[in-house]
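Survey of secondary and tertiary structure
This is what each chain is made of:
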Amino acid sequence: MAATKPSGLRPPYTPNHIPDPSYVRILDTTLRDGEQSPGATMMMSEKLSIAKKLVKLGVDIIQPGFPSASNADFLAVKTIALEVGSRVDDEGYVPVIAGFCRCIEKDIAVAWEAVKYAKRPRICTSIATSAIHMEHKLRKSGDQVIQIARDMVRFARSLGCDDIQFGAEDATRSDRQFLYEILGAVIEAGATTVNIADTVGILMPFELGKLIADIKANTRGIENVIISTHCHNDLGVATANTIEGARSGARQLEVTINGIGERAGNASLEEVVMALACKGDEAFNGVYTKINTKHILETSKMVEEYSGMNLQPHKALVGANAFVHASGIHQDGMLKHKGTYEIISPEDIGHKRATGIGIVLGKLSGRQALRKRLEELGYEVKEDELESLFWHFKAMAEKKKVISDIDLKALVSHTGFNVEPIWKLGDLQVTCGTLGLSTATVKLVTIDGITHVACSTGKGAVDSAYKAINLIVQEPIKLQEYSLNSVTEGMGISATARVVICSMDNHTLTSAFNGDAIYSTFSGIGAEMDVVVSSVEAYLVAVNKLLRCKESFICAK
C-alpha cells in the first residue's frame, strides 16, 4: 500500500498556498456538518474529546461548529480553539480551527470571537449561489449575492483574520459563469480558500472533476487560493466525488468521520484518506495527505459512541465486517497469504488482531483481561473508564456464562462514553400482555441519592415505562426513533436498544437559513439482558444528555 508521503514534515502552512503541489489538506467537519445528523447532538466535553482525536489523526483543519447557532456551539468552538488549536507539537503542527458562519456581519463577528484564540484561526463564511437557492431561499438577485459575498469577505479580513474560506453553497447546481464571477470577486476581496459544495449530492464524479477543472481555467485569481470540495452522499458517490476533486486539482477536501452528516451524510474521512493512501502514487500522480491512519479506528469508534450513529456492519474500513472473511474460498486464500483478499492491513487503520490464544471472558475474568480485549477491539480506555466498565461487565457476566465481543461493544456503547447521569434507574416493574393495559412502575435515583417513583400506563411495556420516566423528570420529551436489536444468539440473549429524543420546550435553536425552529436531538444506547430494561436504560442515557445540554445552555445565557 502506498502510504502517506514518507518525507517527514507536512508542508509549512500558508492560508492560500501549499508549497508541495501534491499535498492535500484534510478539513474535518464531523463536529459541524456531522453533528447535523438527526440524533447526533454532542456535549461540549464530547466534542473536545473528538477534537483531540482529530489532532492525533493529524487533520489539517478542524471545523468544530457553527458559533452563532447557539451559546453552546459558541462555547464548544471557543474551547476547542483554546485547548486544541493553541498546542503546537515538536514538528510545528497545530490544526487550523475554522468557525462556520453565514455571510452576515453578526455571524462573522461571532465566529471570529470564537476562533481567534487559536494559533491558526479561520473564518468559513458561506452563501448560496444556485438560482433555486437565490430565488426561493435568499430572495436576492445574483448581483446582490455577489455584493454580499464580496463585502462579507472584506469584513472578515477587517476583523484581523487572514485565513478566510468562502463557501459557495449548492455550487454544483449554480450557473457556471455566475460561479466564476462570484469566486473571482471573493478572491479579490481577500478569500484564501474557495469551497465548492455539492450540497445536495447531485453530481457524478466525472462531472465534479470537470467542474473543478473549469473553475481552475476560468476564474480570475484562482491560482492565488486553495480550491476545496464539500461533497454530500445523497446518491452514494460523495467519496468518489471527493477523490475525483483531488485528482482534478482540489487541494482541500472536506470530510467527516464515518461519513456522518446531513441526510445521507458526507464524504467519509477514512474512505477518502485510505483511497489516496492506496492509490495516490498509482492513480493520482503522487497526491498524499499527512493523516496518521493508525488512529482511524479509535476515532471512528469514539464518533460512533458519542453521536449514537451506529455503523452498518459492511461500512468500508471501520465496519464490523470490513476485515471478516466468511467464504471458505476466501478463508483458504487468507490462510495461505493475507494479500489474496486484503488490499490493506487492518493494522494500518488501528485494528489489533487478536492473539491466537483466544481469551474467553466471563465472571472470573479480571480487569487486565477486559482491558486487553477492549484494546484488541480498538477501544482506548482510561483507568476511571475501565473501573466503571469493569463493574458493568461483572454484572453482565453474572447473567451470562461467556461475554462475546458484541456484548463488549454494546457495553462500551452503554457505559463507556455517556455523560454523568442526573437520573439513574433504581427499579423497574412492568405488567403487560393481552388481559389489560400495560403498566410500568419506575424508580429513579438522582445524583444526590434521592429516589422518585412514578407509575403510568401505555401502549406497551416500553411506552408505559417511558411515560413514567417523563412524569418524574418533568420534561416535555418527544420520542423520535426507537430500535431494538438482538446482539447475541441463543437463550443467553442480550438486547441493544437505541433511542433518539428531543425536548419540545422553548429551548430550541433557529435555522440559520429558513428561520424554522430546530429541536436538538439526543441519542441513547442501552444493553441489557432484559428488553424493557435495555430500552429504559437507552432512554435515560438520552434524557441525561438532553438535561446536561439544557443545563449548559442555561448556564451560558
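In this report, the structure presented in the accompanying data block is examined. It should be emphasised that the depicted structure is a prediction, and the values quoted were computed from it without experimental measurement.

1. Some thoughts on the pattern of salt bridges
According to the stated counting rule, one finds 23 salt bridges in the structure shown. Across the pair Lys137 and Glu169 runs a salt bridge whose closest N-O atoms are separated by 2.8 Å. Placement of Lys137 in helix H4 (residues 131-138) and of Glu169 in strand S5 (residues 164-169) is noted, with a sequence separation of 32 residues between them. Judged by relative accessible area, which is 25%, Lys137 ranks as partly exposed. You can call Glu169 buried: its relative accessible area is 14%. When the shortest N-O distance is used, the salt bridge between Asp214 and Lys210 registers 2.9 Å. Highlighted residues: Asp214 and Lys210, both in helix H7 (residues 205-218), separated by 4 residues, approximately one helical turn.

2. Section: a nonpolar patch on the surface
Residues Leu479, Tyr482, Leu484 and Val531 make up a contiguous nonpolar surface patch of about 300 Å² in total accessible area. Top element by residues in the nonpolar patch is strand S12 (residues 477-486). It accounts for 3 residues. Note that Val531 resides in helix H16 (residues 531-556). A relative accessible area of 37% places Val531 in the partly exposed class.

3. What about the side chain of Arg150?
Looking at the element boundaries, Arg150 is found in helix H5 (residues 142-158). Buried within the structure, Arg150 lacks any salt-bridge partner; Glu188 is the closest side chain of opposite charge, at an N-O distance of 4.9 Å. Aside from chain neighbours lying at most four places away, what touches Arg150 is Ala185, Val186 and Ala189.

4. A look at the packing of aromatic side chains
Per the stated rule, a full pass over the model turns up 5 aromatic pairs. With a centroid separation of 5.3 Å and an interplanar angle of 65°, the aromatic rings of Tyr23 and Tyr288 are classed as edge-to-face. One end of the pair, Tyr23, is in the segment before strand S1 (25-28); the other, Tyr288, is in the loop between helix H9 (269-283) and helix H10 (296-307), and 265 residues separate them in sequence. Classification of Tyr23 as buried rests on a relative accessible area of 2%. Chaining the aromatic ring pairs together yields one cluster made of Tyr466, Tyr482 and Tyr539. The aromatic ring of Phe100 is capped on one face by Arg32, whose charged end is 4.0 Å from the ring centroid.

5. As for the nonpolar core
Formed by 89 residues in total, the largest nonpolar core has its most connected members in Phe166, Ile182 and Ile215. Among the elements that take part in this core, helix H6 (residues 176-189) stands out by supplying 9 residues, more than any other. Once you skip the residues sitting within four places of it in the chain, Phe166 turns out to touch Cys103, Thr125, Ile127, Ala149, Val153, Ile182, Leu183, Val186, Ala191, Thr193, Val194 and Asn195. Counting 30 residues, the second largest nonpolar core, distinct from the first, contains Ala454, Ala461, Ala465 and Tyr539.

6. What to know about the pairing of strand S6 (residues 193-198)
The element S6 is extensively covered by neighbouring structure, given that 6 of its 6 residues are classed as buried. Along S6, one buried face is formed by Thr193, Asn195 and Ala197 and the opposite face, lined by Val194, Ile196 and Asp198, is buried too. Direction of pairing for S5 relative to S6: parallel, over a ladder of 4 bridges. By the bridge assignment for S6, Phe166 is matched with Val194. Taken together, S5, H6 and S6 constitute a β-α-β crossover, and its handedness is right-handed. In terms of strand pairing, S6 meets strand S7 (residues 226-231) through 6 bridges, oriented parallel. Among the inter-strand pairings, Asp198 is bridged to a residue of S7, identified as Cys231. Taking the sense of rotation as the criterion, the β-α-β connection linking S6, H7 and S7 turns out right-handed.

About the thresholds
- Residues numbered from 1 in each chain as written.
- Predicted model: local features only at pLDDT ≥ 70, side-chain atom pairs only at ≥ 80, totals over all residues.
- Heavy atoms only, no water.
- Salt bridge = Lys/Arg side-chain N within 4 Å of Asp/Glu carboxyl O.
- Helix = DSSP H or I, 4+ residues; strand = E, 2+ residues; numbered from the N terminus.
- Buried < 20%, exposed > 50% of the residue type's maximum accessible area, 1.4 Å probe, protein only.
- Patch = residues over 30% accessible without salt bridge, like charges linked within 9 Å, V, L, I, M, F, W, Y side chains within 5 Å.
- Areas by Shrake-Rupley, 256 points an atom, 1.4 Å probe, with all protein chains shown as cover.
- Lys, Arg positive; Asp, Glu negative; His and termini not counted.
- Contact = heavy atoms within 4.5 Å.
- Phe/Tyr/Trp six-rings, centres within 6.5 Å; stacked < 30°, edge-to-face > 60°.
- Lys NZ or Arg CZ within 6 Å of the ring centre and 35° of its normal.
- Core = buried A, V, L, I, M, F, W, Y, C linked by side-chain atoms within 4.5 Å.
- Pairing = 2+ DSSP bridges.
- Right-handed = clockwise from strand over helix to strand, strands pointing away.

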